[in-house]
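Spelled out, the chains give:
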Amino acid sequence: MGMNSYKIGLGNLDTKTRRNAESDNVSFWNEEAKKLSWFKPWTKTLVWNSPFAKWFIGGEINASYNTLDVHQDNIAKKPAILWEGEDGTSRTITYADLYTDVCKFANVLKSLGIKKGDRVTIYLPMVPELPITMLACARIGAIHTVVFSGFSAASLRDRIDDSKSKVIVTADVGYRRGSSMDLKGIIDESISGLNFVEHVVVLKRAEGNLQLGPKDSLWHELMNGSSDKCEPEHLESTHPLFILYTSGTTGKPKGVLHGTGGYLTHLNSTFQWAFDIKDSDIFFCTADIGWVTGHSYVVYGPLLHGATEIMYEGVPDYPDTSRIWDIIDRYGVTIFYTTPTALRMFMKFSDTIPNSFKLSSLRLLGTVGEPINPEVWRWYFKTIGKSKCPIVDTWWQTETGGMMLSPLPGLETISLKPGSVTRPIPGTDITVVDEQGNELPSNTKGYLVIRKPWPGMLLTLWGDDEKYKNVYWSKFENNYYSGDYAIKDSDGYFWLLGRADDILKVAGHRIGTAELESSLVSHRDIAEAAVCGIPDEIKGEVIVAFTVLKENTKNEPSLLRKELMEIVRNGIGPIATPQQIYFVTKLPKTRSGKIMRRVLKAIASNENVGDISTLEDSAAVMDVQNAFTELQNAIRKNKS
Ligand code: ATP
Ligand code: MG
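Values in this document were obtained by computation on a predicted structure and should not be read as measured data.

## Examining the site of ligand 1
Link 1 in the chain: Taken together, 22 residues are adjacent to ligand 1, and T246, T249, T250, T398 and R499 come closest.
Link 2 in the chain: With respect to ligand 1, the side chain of D393 contributes an N or O atom lying 2.8 Å from a nitrogen atom.
Link 3 in the chain: Expressed as a share of its isolated accessible area of 630 Å², the protein-covered part of ligand 1 is 95%.
Link 4 in the chain: When its residues are assigned to classes, the shell around ligand 1 shows six nonpolar, nine polar and seven charged.

Here you go:
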């Protein structure tokens, strides 16, 4: 298919405006910020005390006011959240409901002694009370720190201890894959001995009695006695809105701190540009609110725009892999935003599953979290979008707050290329540089950097300015280091090639993991692939690949190995041919669904796997370990 078959967009942003937005990004964002409601206008758009940015200095704003109060006059009765539980239970929460509950819970937090600047840890499953708690914090200027409800007590404790939260909000249970998780038990274990924790608010969901300790109180009891009038605090634009720990794909999670005015400006604009949101849309983002995608594009983005969205508690493949398509049809979802990992999981099974649904309400598809392989992109476009929905592949990070590279159909017309995130959003300066920080010519691989501050930029790492400087600003002078490897083609389109930490260096060549993995998953029998380099005395590094087969594949392993080698040899070059290919049933992933290549590398190099607190399923490590040992033994046997 030629490039023009993927032409999208309704907007008419011209090249000149785009160029101006890049050269004078401060004026550009100054205008964008005016789209929000401010209590007091700012006096200075940006103070850039490198590497610390302060946006909209002197301005006063409130995130809950901009997501709730502003909608009460015209769309109070409009559903904000259409919630569905894994067992099929559903709830509709209108903008009026949300407003009332947020005010009430804000008063609850005040009654528990929470003041402006205090931290509140939220350990809740995907239920409406989760955004309610976040917005209640925002209303009174407390800093929320959401921890994904799948984390263990030890990981949770680290995060609570780091943020020194006075209040914890949790539920008795969460439901996942047909069983219930004892969240309250995990909280109790995680806070034992943490004396700074004063109160635990528990949302009771299950039947039966719940043992309450001295710090515990029940959500509904506190809410019953609480007033629904709560004036929003007038907060400085730079007042911290939340701390969120990164996914931990490349190492120990970092406590990213975000502000208010800049962050909201970034989300307000990007949500409109990328999704071209209309009043009639039904938006569905599958991310858990425990991750940044959930913060930005389940909570703040859609609610700023008064959108209606689906919130689903449960996993996408329970009771089976038709679950998501069923939700799309039943609710008439128009915009669907998910991850490459989820798409590869769906592709693993027969297309008769999605094909048995209409999916006719869809008009726009999005993806985020990992590079999307061109093969997966095409499948998404054809099988889910029926060749009529544009795909917005959005590159961004917890640290960037919102999208940074993405097609923007709500703003401009652009031709898509499967596997490319296209171009930077206007008002940013993003490029690819070499090891010394020099900008590279097009079609040359290098490090993705951001050269100017942007409004959604993190304030710092919580309590650790030094680490903030070290991690993001020490590799290159005055350039934000993203940690990703990329290439910009001659049309100015960006292609993400993988993590800079995972780059393969073979005989003087640098190859991104995504290049090789995309080549491997283009084989009809391969559902997922992950590659890593291991030290080799002669070549410096050799490549090993771990692959997961699709369901019902009949290929014989040795034949399949040959075919895969062939695909890589022809597609990328002989230099990139993996020395070994392992077949596994599961790849090690973070709880947010990202492949942890460093774990594979450690196993294949016989080294310690390091910090795996964010690992989703330790069975995957065993699985990889076994496949590795098995093949090593077979090779040894062959040799002797
Ligand atoms: P940690 O920084 O702790 O290792 P993490 O980087 O996985 O964790 P996130 O902030 O959740 O934490 O993920 C951001 C990263 O996800 C990006 O740096 C990039 O590697 C990857 N990513 C996100 N979106 C895309 C995309 N559209 N294409 C390619 N990669 C993407
Ligand atoms: Mg990261």
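## Brief notes about the side chain of R119
Link 1 in the chain: Residue position: R119 is located in strand β7 (residues 119–123).
Link 2 in the chain: Although R119 lies buried, it forms no salt bridge, and the closest oppositely charged side chain, D118, sits 4.9 Å away as judged by the N-O distance.
Link 3 in the chain: The contacts of R119, once residues within four sequence positions are left out, are I114, I143, T145, S163, K164, S165, K166, V167, I243 and W462.

## A word on the pattern of salt bridges
Link 1 in the chain: Under the criterion given, the structure shown has 36 salt bridges.
Link 2 in the chain: With a shortest N-O distance of 3.0 Å, K34 and E31 are connected by a salt bridge.
Link 3 in the chain: Its relative accessible area of 48% is what places K34 among the partly exposed residues.
Link 4 in the chain: In the salt-bridge network here, residues are joined through shared partners; they are E84, R323, D326 and R330.

## A short note on the sheet that holds strand β27 (residues 494–499)
Link 1 in the chain: Across the sheet, which stays open at both edges, the four strands sit in the order β23-β24-β26-β27 with antiparallel pairing between neighbours. Only two strands of the sheet have a single partner each, and these edge strands are β23 (430–433) and β27. The mean angle between the axes of side-by-side strands here comes to 45°, regardless of whether they run parallel or antiparallel.
Link 2 in the chain: As paired strands, β23 and strand β24 (residues 446–450) are joined by four bridges and run antiparallel to one another. The residue bridging V432 from the neighbouring strand is L448, located in β24.

## Some thoughts on the packing of helix α5 (residues 129–140) against helix α10 (residues 292–304)
Link 1 in the chain: The contact between α5 and α10 brings their axes to 11 Å, and the two run at 65°. As for how α5 packs across α10, the hand of that crossing is right-handed. Residues P131, M134, L135 and A138 of α5 lie in contact with α10, whose contacting residues are H295, V299, Y300 and L303.
Link 2 in the chain: Residue composition of the contact of α5 with α10, grouped by class: seven nonpolar, one polar and no charged.

## Things to note about the packing of aromatic side chains
Link 1 in the chain: Applying the stated criterion across every chain, the model contains 39 aromatic pairs.
Link 2 in the chain: Arranged with centres 5.7 Å apart and planes meeting at 55°, the rings of W48 and W473 form a pair that is tilted. Separated by 425 residues along the polypeptide, W48 in strand β2 (residues 44–49) and W473 in helix α15 (residues 465–473) bring together distant segments of the chain.
Link 3 in the chain: Taking relative accessible area as the criterion, W473 reaches 11% and is therefore assigned buried.
Link 4 in the chain: Residues F151 and W291 carry aromatic rings whose centres are separated by 5.9 Å and whose planes lie at 70° to one another, so their mutual orientation is edge-to-face. Taken together, the residues span a long stretch of sequence, with F151 in the loop between β8 (143–146) and α6 (153–163) and W291 in the loop between β17 (282–285) and α10 at a distance of 140 residues.

Rules used in this analysis
Residues numbered from 1 in each chain as written. Chains lettered and ligands numbered in written order. Predicted model: local features only at pLDDT ≥ 70, side-chain atom pairs only at ≥ 80, totals over all residues. Heavy atoms only, no water. Near = heavy atom within 4 Å. Polar contact = N/O pair within 3.5 Å; in protein donor to acceptor, adjacent residues only side chain to side chain. Areas by Shrake-Rupley, 256 points an atom, 1.4 Å probe, with all protein chains shown as cover. Nonpolar A, V, L, I, M, F, W, Y, C, P; charged D, E, K, R; others polar. Helix = DSSP H or I, 4+ residues; strand = E, 2+ residues; numbered from the N terminus. Buried < 20%, exposed > 50% of the residue type's maximum accessible area, 1.4 Å probe, protein only. Lys, Arg positive; Asp, Glu negative; His and termini not counted. Salt bridge = Lys/Arg side-chain N within 4 Å of Asp/Glu carboxyl O. Contact = heavy atoms within 4.5 Å. Pairing = 2+ DSSP bridges. Axes fitted to C-alpha atoms, helices over the stretch in contact; angles between N-to-C directions. Left-handed = near helix turned anticlockwise from the far one by under 90°. Phe/Tyr/Trp six-rings, centres within 6.5 Å; stacked < 30°, edge-to-face > 60°.

Purely spatial values, then, with no claim about function.
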